[in-house]
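Residues per chain, in single letters:
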Amino acid sequence: MLTKSRGEEKAKHILTDPKLSAIKAMLEKDHAIDCMLLLYMNRGKWKEAKDFMRENNLTLSDGTFRARMIEIEDMGLAKSERIDPLKRYYLITELGEKVAKLLLEFFDALDA
């Protein structure tokens, strides 16, 4: 278990480290975790993501999906492949997979 001072050090590091604070800020945005989990499930194409969300009575607009995916890609958590001049599909990277697995562990711990 973390001591209070060790926990405070870790919290300060997350808040001040450029890479970690950027990931934290991205995850705070609307539907960012949804998009990370969709990527993890190989649903990085808008149609696949939209179909999954509808099948499960969840909402996600195409604009929000695209905005989050661009941010996720900018952080190196995904890479995109062009389908046509306007459409892309996104694939999770090794770092993105690490983040997604940590999110799964986090929610698993909350669910226990």
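Coordinates for the structure precede this section.
**Digging into the pattern of salt bridges**
Within the structure shown, the criterion is met by six salt bridges. Taking the shortest distance from any N to any O, the salt bridge between D51 and K47 comes out at 2.8 Å. Of this pair, D51 and K47 both sit in helix α4 (residues 46-55), four residues apart, roughly one helical turn. Connected through salt bridges with shared partners, the residues K29, R68 and E71 form a single ionic network.

**Looking at the pairing of strand β1 (residues 78-82)**
Pairing geometry for β1 and strand β2 (residues 88-92), over five bridges, is antiparallel. Within the sheet, the bridge partner assigned to E81 lies in β2 and is Y89. Between β1 and the antiparallel strand that follows it, β2, lie five residues.

**Digging into helix α3 (residues 32-40)**
Among all positions of α3, only A32, C35, M36, L38 and L39 are buried. Along the axis of α3, the buried positions cluster into a sector of 160°, meaning they face one direction only. Tucked into the core, α3 has its buried residues touching α2 (18-27), α4, α5 (62-74), β1, β2 and α6 (94-111). N42 sits one or two residues past α3 and shows a positive phi near 60°.

**Section: the environment of L91**
Within the secondary structure layout, L91 lies in strand β2. Between the C-alpha atoms of L91 and H13, which are 78 residues apart in sequence, the distance is 29 Å. Apart from the residues lying within four places of it in its own chain, the contact partners of L91 are L39, A78, K79 and E81.

**Side note on α6**
Compared with the 26 Å implied by 1.5 Å per residue over 18 residues, the 26 Å span of α6 between its first and last C-alpha is a close match. For α6, the complete set of buried residues consists of G96, V99, A100 and L103. Buried residues of α6, viewed axially, fall in a sector of 100°; they line one side. Seen from the buried face of α6, the exposed residues on the opposite side, beyond 90 degrees, are E94, K98, E105, D108 and A109. Where α6 is buried, its residues touch α2, α3 and β2.

What counts and what doesn't
Chains are numbered independently. Their residues run from 1 in the order of the written sequence. Reporting of local features is limited, given that this is a predicted model, to residues whose pLDDT is at least 70; pairs of side-chain atoms are given and counted only at 80 or more, and all residues count toward the totals for whole chains, interfaces and linings. Remark: hydrogens and water are excluded; side-chain values derive from all non-hydrogen atoms of the structure. The term salt bridge refers to a pairing of a side-chain nitrogen on Lys or Arg with a carboxyl oxygen on Asp or Glu at a separation within 4 Å. Put simply, DSSP marks the helices as runs of H or I at least four residues long and the strands as runs of E at least two long, and each gets a number from the N terminus on. At least two DSSP bridges between two strands are needed for those strands to be called paired. Burial here depends on accessible area, computed with a 1.4 Å probe over protein chains only, as a share of the maximum for the residue type. Under 20% is buried, over 50% is exposed, and the range in between is partly exposed. Each direction from the helix axis to a C-beta atom contributes to the arc, which is the arc of those directions. What makes two residues a contact is simply this: any of their non-hydrogen atoms within 4.5 Å. By this rule the span expected of a helix is its residue count minus one, scaled by 1.5 Å.

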